[in-house]
Amino acid sequence: MNPNVCIHGVLNGAYSSPFFVTRLREALFHFSSSFDVLESNIPREHPERILIERDILGKEALNIIACEGSQRVERPETYKQWQGRNMRAGFLQLPLHKDILKKAKEKVKSGYHKDFVVDANSQWMLLGWKGRILFALSSWRPV
């Protein structure tokens, strides 16, 4: 592969700590926001919500909280940690296009729940819920 541009989307989480209490606290912050998004936007009996809660979020939470060592496969990091990792790997971060950010903010404001957040930091587009950043997107090119 020899891409011209890579779009990097990350789950913004600081719960890859080897220490259980730290990992549990950070996972609780993240998953409480994720489940709150579902609770506020999708009826409980909706089949897709049940699928997301049970097969995606539930399994991820179980892996993070209950598994240790090589059994724990979920190890998310913050977008700022990924930024450093990408730079060390030889990628150059591209500027976040202001029009794209503006359109995303307008779209969220006009048609989404009032607690969704779209913002920017360090050339990353941040997506969140009630002030907690859940996902981040940025574009990169190989040097």
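Within the UniProt record for the protein chain, the comment given under Sequence similarities (unreviewed entry) is "Belongs to the GRAS family."

Colleague: Explain helix 1 (residues 20-41) here, please?
Modeller: Helical geometry note: an α-helix holds 3.6 residues per turn, so side chains three or four residues apart project in the same direction. Here helix 1 is 22 residues long and its end C-alpha atoms lie 31 Å apart, about the 32 Å a rise of 1.5 Å per residue gives. Looking at the packing, one finds that the buried side of helix 1 touches strand 1 (6-11), helix 2 (47-66), strand 3 (116-121), strand 4 (124-129) and strand 5 (132-142).

Colleague: Help me out: how do you make sense of the environment of Pro76 in this one?
Modeller: Structurally, Pro76 can be placed in the loop between helix 2 and helix 3 (79-88). Judged by its relative accessible area of 10%, Pro76 falls in the buried class. Here the alpha-carbon distance between Pro76 and Tyr15, two residues 61 residues apart in the chain, equals 6.4 Å. Sequence-distant contacts of Pro76, defined by excluding residues within four places in its chain, comprise Leu11, Gly13, Tyr15 and Ser16.

Colleague: Please explain the packing of helix 1 against helix 2 as it appears in this structure.
Modeller: A pair of packed helices is captured by two measures, namely the crossing angle of their axes and the spacing between those axes. Relative to each other, helix 1 and helix 2 sit at 175 degrees, their axes nearing to 10 Å. Classified by the interaxial angle, the pair formed by helix 1 and helix 2 is roughly antiparallel. Residues Phe20, Arg23, Leu24, Ala27, Phe31, Ser34, Phe35, Leu38 and Glu39 of helix 1 touch helix 2, and the partners they reach there are Arg49, Ile52, Glu53, Leu57, Glu60, Ala61, Ile64 and Ile65.

Colleague: What exactly am I supposed to notice about the pattern of salt bridges here?
Modeller: When charged atoms on two side chains of opposite charge get close, those side chains can pair. Scanning the model with the defined rule gives 10 salt bridges in all. Put simply, Glu68 and Arg23 hold a salt bridge, and the shortest N to O gap is 2.7 Å. One end of the pair, Glu68, is in the loop between helix 2 and helix 3; the other, Arg23, is in helix 1, with 45 residues separating them in the sequence. A relative accessible area of 0% means that Arg23 is categorised as buried. The salt bridge partner of Glu77 is Arg85, with a shortest N-O separation of 2.7 Å. For Arg85, a relative accessible area of 35% corresponds to the partly exposed category. When salt bridges with common partners are traced through the structure, they connect Glu39, Arg44, Arg49 and Glu53 into a single cluster.

Scoring rules and cut-offs
Counting restarts for each chain: residues are numbered from 1 in the order of the written sequence. Owing to the predicted nature of the model, reporting of local features is limited to residues with pLDDT of at least 70; listing and counting of side-chain atom pairs is limited to 80 or more, with chain, interface and lining totals taken over all residues. Working from all heavy atoms in the structure, the side-chain values ignore hydrogens and water. UniProt positions are given in the numbering used here, feature names are shortened, and annotations may be inferred rather than shown by experiment. Numbering goes from the N terminus for both helices and strands, where a helix is a DSSP run of H or I of at least four residues and a strand is a run of E of at least two. Under the convention used throughout, the expected extent of a helix is 1.5 Å for every residue step, that is, one less than its residue count. Contacts are assigned to residue pairs with any non-hydrogen atoms lying within 4.5 Å of each other. Each residue's exposure class comes from its accessible area (1.4 Å probe, protein chains only) as a fraction of the maximum for that residue type: buried when under 20%, exposed when over 50%, partly exposed otherwise. In this description, a line fitted to the C-alpha atoms serves as the axis of each element, helices being fitted only across the stretch in contact, and the angle between N-to-C directions of two axes falls anywhere from 0 to 180 degrees. Here the word oblique covers every angle except those under 35 degrees (roughly parallel), over 145 (roughly antiparallel) and from 65 to 115 (roughly perpendicular). Think of a salt bridge as a Lys or Arg side-chain nitrogen and an Asp or Glu carboxyl oxygen that are within 4 Å of each other.

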